[in-house]
Amino acid sequence: MVFPGAAFSIVGPAGTGKTRFFIQMACCSLSGTPLGPLQCPKIEQTWLLLAGNENSLNRYKADLRAMLHHFPADSHEAILSRLVCHVAEEYDDYMGPDSAERITETVVANGGPAVGVVAYDPTGDLISGDANADADLRLMLRRTGSAVRKASRNAAIAYVHHAREGRLNISQAVGWDKGNFGKGSKALHAAVRSAFNLAPMDKAHTGIVVACGKCNDARPFAAFGMKLVDGVYPVSYTHLRAHENPEHLVCRLLLEKNKTKINRMTQKYALHHHLKH
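Basis of the calculations
Residues numbered from 1 in each chain as written. Predicted model: local features only at pLDDT ≥ 70, side-chain atom pairs only at ≥ 80, totals over all residues. Heavy atoms only, no water. Salt bridge = Lys/Arg side-chain N within 4 Å of Asp/Glu carboxyl O. Helix = DSSP H or I, 4+ residues; strand = E, 2+ residues; numbered from the N terminus. Buried < 20%, exposed > 50% of the residue type's maximum accessible area, 1.4 Å probe, protein only. Core = buried A, V, L, I, M, F, W, Y, C linked by side-chain atoms within 4.5 Å. Phe/Tyr/Trp six-rings, centres within 6.5 Å; stacked < 30°, edge-to-face > 60°.

Just give me the short version of the pattern of salt bridges, but keep the residues and values in it.
One pass over the full model with this rule turns up four salt bridges. Note that Arg20 is salt-bridged to Asp63, the shortest N-O span being 3.8 Å. Note that Arg20 is positioned in helix H1 (residues 18-31) and Asp63 in helix H2 (residues 57-68), a separation of 43 residues in sequence. Like Asp63, Arg20 is buried. Where Arg138 meets Asp134, a salt bridge forms, and the shortest distance between an N and an O atom there is 4.0 Å. With Arg138 and Asp134 both in helix H5 (residues 134-149) and four residues apart, this pair spans about one turn of that helix. Accessibility expressed as a relative area gives 43% for Arg138, which makes it partly exposed. Its relative accessible area of 35% is what places Asp134 among the partly exposed residues. Here the salt bridges do not stand alone but share partners, grouping Arg20, Arg59 and Asp63 into one network.

Describe the nonpolar core, listing the residues and the values that go with them.
In globular proteins that are soluble, nonpolar side chains generally tend to be buried together. Of all hydrophobic cores here, the largest spans 38 residues; its most connected members are Phe8, Phe21, Phe22, Leu83, Phe196 and Val210. A per-element tally of this core places H1 first, with eight residues. Ile127, Met140, Ala151 and Ala187 belong to the second largest nonpolar core, which has 23 residues in total.

Summarise the packing of aromatic side chains; cite the residues concerned and give the values.
Going through the model one piece at a time under the given rule, you end up with six aromatic pairs. On the numbers, 6.3 Å between centres and 75 degrees between planes, the contact of Phe8 with Phe196 is edge-to-face. You can see Phe8 sitting in strand E1 (residues 7-12) and its partner Phe196 sitting in strand E6 (residues 194-200), a full 188 residues away along the chain. Pair check on accessibility: Phe8 and Phe196 agree, each one buried. In textbook terms, an aromatic cluster arises when at least three aromatic residues are bridged by ring pairs, as seen for Phe8, Phe21, Phe196, Phe221 and Phe224.

Okay, structure coming up:
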């Protein structure tokens, strides 16, 4: 799902834990630990997170400190030295459409070709113009891609992007509608080589469904669930297996979607029958 020189996306509604998912993905890769049921090859390169002001640097530090307890002790040094978070906290330190030059400088400052993955979070901050317009989004992709490639030609680029809100929209994380999951223009979905779709399992956000939005260069993975670990360090997700899930929450999105389609077909048939008679 993460390939050198290619782009991928992490898409989900607000509050789903998209940034945390990326940080855990980096920790898994740097330590060679599986991400849920997904095997993570050990990538000993820098993972660089370019974050806007949705969360503070202190929040990311707290999450990482807690998350480290779920990884082997001999991997902590590699994680701390190769996972870099650049957070725009000051007024003149924002990440926007005109930040391309500073992005290149930041990648160079963190190792240039030694940077293996660069993440933009959130993608919406980088769009100049209409987020629903394909042309404006493609322009953003060209600018942000070029900014990274000037410093690290083979780095993978991650776009952390918001999905549309609402129960029916969230249900599009899986199934035939998964390409329609992200907010705004679909040019981002078309441009990336792979996509992770994240959706909350319930209103209380006790866990998430991780679905494969697309994967052009490998076999797509089956959707699976992840839940927050109970106890002192509740920030790391663990794989939610079927026997741990008596309510079959992983399948609920698909079941609700099928039920909605059946209801619409029934209503359409009833209306047609009424007009005919």
